[in-house]
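Each chain, letter by letter, is given below.
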Amino acid sequence: MSTVSVNLSSRCWRQEVVSINTSVISWINRRYGYQLSADYYEYIEIWKDWWKGYYEPFHKITFENGESKKSRDMYTMKMAKKVCEDWASILINDKTFVKIDDGYTQNYISGDADNGGVFGSNNFWDQANDLIEKMMYSGTGAVVIRLKNAKVDRRNRLLPSQNTRIDLNYLEADKIIPLSTDNGIITEAAFCSELCIRGQNRIYLELHRLEDNEYVIENHLFKTDINNPALLAEGELPEGVPTILYTGSDRPWFSICVPAIVNSVKNSNGMGCAVFANAIDNLKGVDLAYNNFNSDFWLGQKKVFLNRNLLSDMAGGKRVAPDEVNQQLFYFVGETFDDGTGKTMVQEHNPDLRVSDNTAGIQAQLDYLSFKVGFGTKHYQFNSGSIVTATQYTGDKQDLIQNAHKHFIKVESFLHKLVKTLLWIGHSYIDSNIKEDANISIVFDQSPLVDENAERQRDKDDVAAGIMQKWEYRVKWYGETEEEAKAKLTDGELTDDEIMGFEGGEA
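Everything numeric here is computed off the predicted structure, so don't read it as measured data. (Residues numbered from 1 in each chain as written. Predicted model: local features only at pLDDT ≥ 70, side-chain atom pairs only at ≥ 80, totals over all residues. Heavy atoms only, no water.)

Undergrad: For the overall build of the chain, give the residues involved together with the corresponding values.
TA: Secondary structure summary: the chain contains 15 helices and 20 strands in total. Relative to its 507 residues, the chain shows a buried fraction of 44%. Here the contacts in the chain between residues at least 6 apart in sequence split such that 67% fall between residues at least 24 apart. As displayed, the chain has an accessible area near 27100 Å², and 47% of this comes from carbon and sulfur atoms. (Helix = DSSP H or I, 4+ residues; strand = E, 2+ residues; numbered from the N terminus. Buried < 20%, exposed > 50% of the residue type's maximum accessible area, 1.4 Å probe, protein only. Contact = heavy atoms within 4.5 Å. Areas by Shrake-Rupley, 256 points an atom, 1.4 Å probe, with all protein chains shown as cover.)

Undergrad: Go over the sheet that holds strand β4 (residues 141–148), please, and point to the residues and values.
TA: Reading across from one edge, β7-β4-β14 is the order of the three strands in this open sheet, with antiparallel pairing throughout. With one partner strand each, in any of the chains shown, β7 (165–172) and β14 (254–257) form the two edges of the open sheet. Each strand axis lies, on average, 20 degrees off the axis of its neighbour in the sheet, ignoring direction. Sheet analysis places β4 next to β7, joined by eight bridges and oriented antiparallel. Across the sheet, the residue bridging to G141 is E172, located in β7. (Pairing = 2+ DSSP bridges. Axes fitted to C-alpha atoms, helices over the stretch in contact; angles between N-to-C directions.)

Undergrad: Could you give an account of the pairing of strand β9 (residues 185–197), with specific residues and numbers?
TA: Bridging between strand β8 (residues 176–182) and β9 involves six bridges; their strand directions are antiparallel. In the sheet register, I176 faces β9, and the bridge partner there is F191. In this antiparallel pair of consecutive strands, β8 and β9, the connection spans two residues, and N183 shows a positive phi of 55 degrees. Counting the residues between successive antiparallel strands, the hairpin from β9 to strand β10 (residues 200–211) contains two residues, one of them, R198, with a positive phi of roughly 55 degrees.

Undergrad: So, the packing of aromatic side chains: which residues are in play, and what are the values?
TA: What the rule picks out here adds up to 19 aromatic pairs. With a centroid separation of 5.0 Å and 75 degrees between ring planes, the pair formed by F124 and W125 is classed as edge-to-face. For F124, a relative accessible area of 1% corresponds to the buried category. One aromatic cluster in this structure is built from W27, Y32, Y34 and F222. (Phe/Tyr/Trp six-rings, centres within 6.5 Å; stacked < 30°, edge-to-face > 60°.)

Undergrad: Please provide a residue-by-residue account of the pattern of salt bridges, values included.
TA: All told, the structure shown has 13 salt bridges when counted by the stated rule. Linking R157 and E214 is a salt bridge whose minimum nitrogen-to-oxygen distance equals 2.8 Å. Residue R157 is located in the loop between β5 (151–152) and β6 (158–159), and its partner E214 is located in strand β11 (residues 214–225); the two are separated by 57 residues in the primary sequence. With relative accessibility at 30%, the residue R157 sits in the partly exposed group. Among the salt bridges present, the one from R209 reaches E211, with a minimum N-O distance of 3.3 Å. (Salt bridge = Lys/Arg side-chain N within 4 Å of Asp/Glu carboxyl O.)

Written as structure tokens, this is what we have:
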């Protein structure tokens with residue numbers, strides 16, 4: 001018995017992804033005669049910095065104080081990550097699920113009370129939500145299928161075994177190297193991971209290539225020099241991991257998802273771009289406004305200018321401000337304030353904090369950013385004291401709704417391809433009772449796109465106009481079955497409030 005999977009998720013060191021990808025891509029080019037380029041990964045690293053909230057060329061402020069050059073970090077709202085988090089929560093959340101028309105096959109994927117299925121054993125929905133967030137910042141996300149406890153013959157071909165288990169691995173763009181594309185879709189790819197084996201730094205490379213209409217998976221492990229990550233030396237694979245594996249399938253054992261945005265970066269080779277790739281200036285605008293807001297508070301503390309005669313003498317000739325008040329408050333400005341105009345010995349300076357102006361500036365920049373990343377202009381609002389009518393709310397969300405449905409198409413295709421391959425593997429190598437041609441439906445949660453109060457009012461109007469039946473309204477909004485709703489409506493004469501479910505005094 002042999003395994004074809006190893007735990008590759010642990011990381012014990014970090015090196016520059018561009019450097020690692022450059023060295024790996026150079027190795028692939030030499031080995032297979034490809035002409036791949038690593039230039040695109042520089043964009044990914046820039047997007048990652050913005051996602052983390054600190055892009056040094058912009059956020060590090062250098063200045064001179066008259067004596068020396070100093071620097072400080074700009075205040076940042078880290079809005080790139082917030083944007084990616086919000087898109088991830090809309091596209092995949094706890095209400096998203098895969099529906100399969102065969103019960104046995106459904107349990108294989110999503111599990112039951114006794115078995116978590118492929119998704120449960122791989123913590124799929126939590127990991128998929130994280131992957132969508134990373135996809136939104138890096139431009140591309142992939143789920144790679146590996147097998148545990150699988151049997152292979154001497155020719156490295158898989159053998160059926162009920163002990164085989166699915167292992168799903170979730171990778172963002174900096175670990176994906178496209179090898180071939182067809183009509184903008186990645187058909188062959190290499191997946192690069194950093195790992196640590198018994199304290200030794202390693203790079204694991206997995207190539208999925210088509211040969212005679214069959215996907216072949218090659219595994220390679222490289223030793224690295226931490227001081228020179230470009231220097232690679234191929235080492236031995238962990239025990240049980242074959243150098244080559246013939247899948248017997250024309251389906252890729254990976255599924256790739258990109259945002260529904262046309263990538264304007266050249267030589268992207270099927271990779272996507274960050275959802276904020278065309279909104280970098282707007283991210284800068286938000287942080288400039290937020291930095292100004294915080295700087296006003298930092299610089300706007302009260303200052304008191306006083307005459308030297310008001311300082312107290314301490315042992316050793318040290319002079320301090322009265323009551324040892326914080327040094328930042330008091331400033332010595334000379335022997336006297338008296339310049340012939342009768343000034344007092346103590347003066348206060350209270351800078352204007354400009355809270356309203358700064359708040360308005362931040363809100364304006366957030367509106368621009370919100371529009372550029374597909375949310376519409378009112379997604380990020382801090383004027384919570386205002387009242388927005390249902391009509392305004394629906395109008396403001398049109399951009400969000402339209403762009404969300406564009407992204408849903410990409411995510412649906414990504415999930416559908418993944419599940420289809422899982423069903424094929426399950427039927428071919430794990431359990432022949434699994435239905436590989438089962439009908440698959442991806443059900444998304446639409447509630448983040450809908451104003452519930454506005455939709456409810458529209459349904460009430462439809463009931464009043466006779467377009468919607470009263471029992472349909474109760475089924476939709478009160479979770480009753482059709483029989484329960486109809487029974488309530490025929491159980492004596494009901495008032496209008498009771499018909500609409502207001503028996504408990506709902507307003």
